[in-house]
Amino acid sequence: MGTHKSKRIGILTAGGDCPGLNAAIRGVGKTAIVDYGMEVIGFRAGYAGLIEKDYVELSESHLSGILTLGGTILGTSRVKPFKFVNEGDDEKPELIKQNYHDLNLDALVCIGGNGTMKTADRLAAEGINVIGIPKTIDNDVWGTDVTFGFDSALQIATEAIDRLHTTANSHQRVMIIEVMGHHAGWIALYAGMAGGGDIVLIPEVDYNIRSVCKKIEERYEGNKPYSIVVVAEGINHPKKISAAAHIGEAISSYTGIETRETVLGYVQRGGSPTPMDRILATRYGAFAAQCIAEGNFGTMVAIRNNYLETVPLADVGGKLSLVEPDNPLILKARKMGVSFGDEYQELG
Ligand code: F6P
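The present account deals with the structure reproduced in this document. (Residues numbered from 1 in each chain as written. Predicted model: local features only at pLDDT ≥ 70, side-chain atom pairs only at ≥ 80, totals over all residues. Heavy atoms only, no water.)

**Some points on the pairing of strand S2 (residues 39–43)**
On a regular strand, one side chain projects to one face of the sheet and the next to the other, so that they alternate. Counted only if it meets this: In this scheme, a residue with accessible area under 20% of its type's maximum is buried, one over 50% is exposed, and one in between is partly exposed, where area comes from a 1.4 Å probe on protein chains only. In DSSP terms, a helix is any run of H or I states spanning at least four residues, a strand is any run of E spanning at least two, and both are numbered starting from the N terminus. Pairing between strands is defined by DSSP: at least two bridges between them are needed. When the strands point away from the viewer and the connection leading from the first strand across the helix to the second strand turns clockwise, the crossover is called right-handed.
Counted residue by residue, S2 has 4 buried out of 5 residues, so it is predominantly covered. Sheet topology places strand S1 (residues 8–13) next to S2; 4 bridges connect them, and they run parallel. Counted as the bridge partner of Gly10 is Ile41 from S2. Following the backbone out of S1, through helix H1 (residues 21–35) and into the adjacent parallel S2, one traces a crossover that is right-handed. Two strands pair when backbone bridges link them, and S2 and strand S3 (residues 55–58) are joined in this way by 4 bridges, in the antiparallel orientation. By the bridge assignment, Ile41 is partnered in S3 with Glu57.

**Some remarks on the site of the ligand**
Put simply, the test is: Throughout this document, a residue counts as near a molecule or strand when at least one of its heavy atoms sits within 4 Å of that molecule or strand. What qualifies as a polar contact is a pair of N or O atoms within 3.5 Å, subject to a donor-acceptor requirement within protein and to the restriction that residues adjacent in sequence count only when both atoms come from side chains. The protein chains shown are the only cover counted for residues, whose accessible areas, like all others here, come from Shrake-Rupley with a 1.4 Å probe. The definitions used throughout rest on a 1 Å grid laid over the protein atoms alone, on which a cavity is an enclosed set of points accommodating a 1.4 Å probe that cannot get out and a pocket is an open set flanked by protein within 12 Å on both sides along at least five of seven lines; lining residues are those having an atom within 4 Å of a point. Criterion for pocket placement: a molecule counts as inside a cavity or pocket if more than half of its atoms are within 2 Å of its grid points. Under the convention adopted here, Pro, Cys and the residues Ala, Val, Leu, Ile, Met, Phe, Trp and Tyr are nonpolar, Asp, Glu, Lys and Arg are charged, and Gly plus all remaining residues are polar. Where each domain starts and ends comes from a domain assignment, either automatic or drawn from a database.
Taken together, the neighbourhood of the ligand is formed by Arg78, Ile137, Asp138, Met180, Gly181, His182, Glu233, Tyr266 and Arg269. In the model, an oxygen atom of the ligand is placed 3.4 Å from a nitrogen or oxygen of the Gly181 main chain. Protein chains shield 75% of the accessible area of the ligand, which is 400 Å² for the free molecule. One can see that the ligand is located within the largest pocket. Looking at the shell around the ligand residue by residue, the class counts come to 3 nonpolar, 2 polar and 4 charged. Counting contributing residues per domain, the shell around the ligand is built from domain 1 (8–149 + 273–316) and domain 2 (150–269 + 324–347), each supplying no fewer than three.

**Some words on the layout of surface pockets**
Here is the rule we go by: Grid points are joined across faces, edges and corners, and a volume is the space filled by probe spheres set on the points.
Counted as a void, the largest pocket has a volume near 840 Å³. Among the secondary structure elements, those contributing two or more residues to the lining of the largest pocket are helix H4 (114–125) and strand S6 (174–179). Across the lining of the largest pocket, the residue classes break down as 10 nonpolar, 14 polar and 11 charged. Each of domain 1 (8–149 + 273–316) and domain 2 (150–269 + 324–347) gives at least three residues to the lining of the largest pocket. The calculated volume of the second largest pocket comes to roughly 200 Å³. What lines the second largest pocket is Val146, Thr147, Phe150, Asp151, Leu154, Met276, Asp277, Ile279, Leu280, Arg283, Ile303 and Asn306.

What follows is the structure in structure tokens.
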């Protein structure tokens, strides 16, 4: 009988954190250990741990009790091993390869967003067996219908909007709430719809501030003397102030109506994942372990029409999943009187 060496895999979480990372680590690790008899290690602080050989052996018991925890037990960072700024940076890719081989790894699972997938693709090109798992509250990773973290952020943002309604109504104010999303307006669009926002401004649709004001004035004339404006942080605005402050100041100076701003910030990225995010992250994780067992490398796990698939990492890097201006939800919202700030282009 020949000796059978069990596979040894590494896991890392990179980029901004989000709810569901631990559920994904657990999904990969438990499936790898229980179903495939693999050994698992976790690198600390994203790609930094891979460069510095900073890792921890993960047994099945390390992976118990983490499903519901926010953040990541491995820690994360925005370290980019292929960004050469300081002297010696160009040695990092070689160091990674050396560490990967020294640690006897057969595969590396990189859990992250767009930047992480881009790096994962570079590592695959260097000969490392890589699998990517897409996460981000922004939901802007190309190639998959949804990333985990999005549903949790959506729940937090929606609850915030719900709470703003009552205070907006009591004081007859315009409440502006800013949610995350530098390039993509998914959180603003979905939370705006789920929370009954009156105006939703996203980076993908060019707004016109006079159009926004006209909508607010129409509401006042129609006996609705308060409004909720949901804005994504990435809408066009002067960078020295927040998007919410810019819109709030413009509305009060054009209309004379009292405004207040709320910038939700990192609250959206913290805390326990929703059940949907726990399930999505678990499905992604378990599928990633299966991909390793099958030797399906250089790919990112994805979900399309609720089926798990893989997409080549080479196709993912450098692209973004943005909200199309004719997204069905936008079209439906418009028919219900929701403004996207672009209705009265003639107002200039
Ligand atoms: O995770 C995505 C995101 O939340 C963006 O929407 C946000 O602008 C960015 O990360 C900020 O992250 P950090 O301050 O951690 O770099």
